[in-house]
Amino acid sequence: MRGIASQPRGIARLARALGLDSNPLRRASDRAEAWIRAGLVAIFLITGPLAALGAGHWAYHAGNTAAPVQAARTHQVKAVVLQPTLAAPGPASSSRSSLTGVGARWEGAGSSSRTGAVLAGVMTLALVALALLAALRLTVMFLNRLRLAAWETAWSRVGPRWTEGRL
């Protein structure tokens with residue numbers, strides 16, 4: 001059994017969402033808002049990944065060129081390998097001795113250039129999304145003002161006839 005015949009499916013639902021249906025109650029500003037939303041989503045899907053890739057590539061390149069410069073500023077130290085020593089028997093280990101590994105402590109080199117590239121890409125994608133959301137918010141505010149002005153104009157024509165006999 002198929003679904004209810006009155007429910008829109010597939011292309012009909014997309015046409016309604018984009019304002020392409022023949023709904024007589026749909027205003028031109030509603031259709032404009034739907035097209036602007038679709039355009040901003042398309043812009044995000046196209047420019048977002050491109051901007052993120054560009055920023056990631058730039059950060060990776062900057063990280064790779066900065067590493068030799070940073071290494072050149074440090075001083076050279078002769079490496080010495082420390083040998084494991086036998087621990088002195090104490091109250092905790094009375095009859096048996098244990099090996100204790102004593103050596104230089106490894107400290108990570110900080111964040112790699114790949115980590116910086118990924119972070120730059122994600123941050124760029126987030127900034128593109130926020131900029132497009134701000135543009136959408138400003139557009140919707142502008143369209144709402146136009147809708148309210150049109151409603152006020154229409155009501156100023158109809159209002160006196162509507163309330164004429166009620167006073």
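Residues numbered from 1 in each chain as written. Predicted model: local features only at pLDDT ≥ 70, side-chain atom pairs only at ≥ 80, totals over all residues. Heavy atoms only, no water.

1. Thoughts on the pattern of salt bridges
Counted under the stated rule, the structure contains five salt bridges. Where Arg27 meets Asp30, a salt bridge forms, and the shortest distance between an N and an O atom there is 3.2 Å. Classification of Arg27 as partly exposed rests on a relative accessible area of 44%. The shortest N-O distance in the salt bridge between Arg147 and Asp30 comes to 3.2 Å. Here Asp30 lies in helix 2 (residues 28–73) and Arg147 lies in helix 3 (residues 113–163), a separation of 117 residues in the sequence. The exposure class assigned to Arg147 is buried, which follows from its relative accessible area of 12%. (Salt bridge = Lys/Arg side-chain N within 4 Å of Asp/Glu carboxyl O. Buried < 20%, exposed > 50% of the residue type's maximum accessible area, 1.4 Å probe, protein only. Helix = DSSP H or I, 4+ residues; strand = E, 2+ residues; numbered from the N terminus.)

2. Thoughts on the environment of Leu127
Following the sequence through the fold, Leu127 ends up in helix 3. The exposed category is assigned to Leu127, whose relative accessible area is 56%. Along the primary structure Leu127 and Gly48 are separated by 79 residues, whereas in three dimensions their C-alpha atoms are 9.0 Å apart.

3. Re the environment of Gly56
Summarising the element assignment, Gly56 is placed in helix 2. A sequence separation of 66 residues divides Gly56 from Val122, and the C-alpha atoms of the two residues are 8.4 Å apart.

4. So, a nonpolar patch on the surface
Judged by side-chain polarity, Val41, Leu45, Ile46 and Leu50 come together as a nonpolar surface patch covering roughly 420 Å² of accessible area. Here Leu50 is to be found in helix 2. (Patch = residues over 30% accessible without salt bridge, like charges linked within 9 Å, V, L, I, M, F, W, Y side chains within 5 Å. Areas by Shrake-Rupley, 256 points an atom, 1.4 Å probe, with all protein chains shown as cover.)

5. Things to note about the side chain of Arg26
Among the secondary structure elements, Arg26 is positioned in the loop between helix 1 (11–18) and helix 2. A residue is classified by how much of its surface remains accessible, and Arg26, at 19% relative accessible area, is buried. One polar contact links Arg26 to Asp21, side chain to side chain, over a distance of 3.1 Å. Setting aside residues no more than four positions away along its own chain, Arg26 makes contact with Arg16, Gly19, Asp21 and Arg31. (Polar contact = N/O pair within 3.5 Å; in protein donor to acceptor, adjacent residues only side chain to side chain. Contact = heavy atoms within 4.5 Å.)

6. Points about the environment of Thr47
Relative to the helices and strands, Thr47 resides in helix 2. C-alpha separation for the pair Thr47 and Leu125, spaced 78 residues apart in sequence, amounts to 9.0 Å.

7. Topic: the packing of aromatic side chains
Tallied over the full model, the rule gives one aromatic pair. Here the aromatic rings of Trp151 and Trp155 are separated by 6.3 Å at their centres, their planes lie at 5°, and the arrangement is stacked. On the criterion of helical spacing, the pair formed by Trp151 and Trp155 is a turn pair, its members being four residues apart in helix 3. Accessibility expressed as a relative area gives 53% for Trp151, which makes it exposed. (Phe/Tyr/Trp six-rings, centres within 6.5 Å; stacked < 30°, edge-to-face > 60°.)

8. Quick word on the nonpolar core
Ranked by size, the top nonpolar core spans five residues in total: Leu40, Val128, Leu132, Leu136 and Val140. If one sorts the elements of this core by residue count, helix 3 sits on top with four residues. With sequence-adjacent residues up to four places away left out, Leu132 is seen in contact with Leu40, Ile43 and Phe44. (Core = buried A, V, L, I, M, F, W, Y, C linked by side-chain atoms within 4.5 Å.)

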